[in-house]
Amino acid sequence: MRRRALFSLFGSVLWGGDTAPVEGVLRVPAVLETGTGALKLEGDQPTTEVLADKRLEGMKLRLEGERLGAEGFRVGPIHTRALRVVRGAKLLFVTYWCDVCSIRTYAPGVCMCCQDETALDLRETIT
Ligand SMILES: [Zn+2]
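Residues numbered from 1 in each chain as written. Predicted model: local features only at pLDDT ≥ 70, side-chain atom pairs only at ≥ 80, totals over all residues.

Chemist: What is the right way to read the overall build of the chain from this model?
Modeler: Helix and strand counts for the chain come out as two helices and ten strands. Each helix and strand of the chain, placed in order from N terminus to C terminus, yields the pattern α-β-β-β-α-β-β-β-β-β-β-β. Counting all 127 residues of the chain, 17% fall into the buried class. Here the analysis covers contacts within the chain between residues at least 6 apart in sequence; of these, 50% occur between residues at least 24 apart. (Helix = DSSP H or I, 4+ residues; strand = E, 2+ residues; numbered from the N terminus. Buried ≥ 20, exposed ≤ 12 C-beta atoms within 10 Å, placed from the backbone. Contact = placed C-beta atoms within 7 Å.)

Chemist: I would appreciate a short explanation of the nonpolar core in the present structure.
Modeler: Where a protein is soluble and globular, its nonpolar side chains tend to be buried together. Ranked by internal contacts, the top residues of the largest apolar core, which has 13 residues, are Leu 32, Leu 41, Leu 63, Phe 73 and Leu 83. The set of elements that each furnish at least two residues to this core consists of strand 3 (38-42), helix 2 (45-51), strand 4 (60-63) and strand 6 (72-75). In this view, Leu 83 contacts Thr 47, Val 50, Leu 61, Leu 63, Val 75 and Val 94; residues no more than four positions away in its chain are not counted. (Core = buried A, V, L, I, M, F, W, Y, C linked by C-beta atoms within 7 Å.)

Chemist: What exactly am I supposed to notice about unusual backbone geometry here?
Modeler: Put simply, Val 28 and Pro 29 share a cis peptide bond, and its omega is -5°. Among the secondary structure elements, Pro 29 is positioned in the loop between strand 1 (22-27) and strand 2 (31-33). In this structure, Arg 81 is a non-glycine residue whose phi angle is positive, near 55°. Mapped onto the secondary structure, Arg 81 falls in the loop between strand 6 and strand 7 (83-87). On the neighbour-count criterion, Arg 81 (14 C-beta atoms within 10 Å) is partly exposed. You will see that Ser 102, though not glycine, has its phi angle at about 55°, which is positive.

Chemist: I keep staring at the environment of Arg 123 and nothing clicks. Help me out?
Modeler: Tracing the backbone shows Arg 123 in strand 10 (residues 119-123). Each C-alpha atom, one on Arg 123 and one on Tyr 96, is 9.8 Å from the other, the two residues being 27 residues apart in sequence. Every residue in contact with Arg 123, bar those within four places of it in the chain, is listed here: Leu 92, Phe 93 and Thr 95.

Chemist: How do you make sense of the pairing of strand 8 (residues 90-98) when you look at a structure like this?
Modeler: Where a strand is regular, its side chains alternate between the two sheet faces. Sheet analysis places strand 7 next to strand 8, joined by four bridges and oriented antiparallel. Bridged to Arg 84 within strand 8 is Phe 93. The hairpin turn running from strand 7 into strand 8, its antiparallel successor, is two residues long, and Gly 88 in that turn takes a positive phi close to 60°. In this structure, strand 8 lies alongside strand 10, joined through five bridges in antiparallel fashion. Each residue of the ladder has a partner; that of Val 94, found in strand 10, is Leu 122. (Pairing = 2+ DSSP bridges.)

So, in structure tokens, the structure goes:
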């Protein structure tokens, strides 16, 4: 018991304020398998919606943000572009695109203009 308490204390000191990016495989909604364990992911509303997008299931992600204890991670706000897909040597931004209206958004859902479902569009750059 005592050893476990000491360990968790050490863990919180070790991870507290740690802002190193993490990489792993997304399991929707909002779990990242890092190879050494699983991190529960948090974020703002659009980020949470992206992390729950079934089209991203099983993709490798690179997340910037902050560790929350040993088993959690808070992804940075959507405007900081903290979430990217790792594909080979490339890092891709997660965007959503309406072909009809040529409108790009950063969370899944229907187009704000025509109300059609937007398509997942992974991009190397955002213009
Ligand atoms: Zn549209």
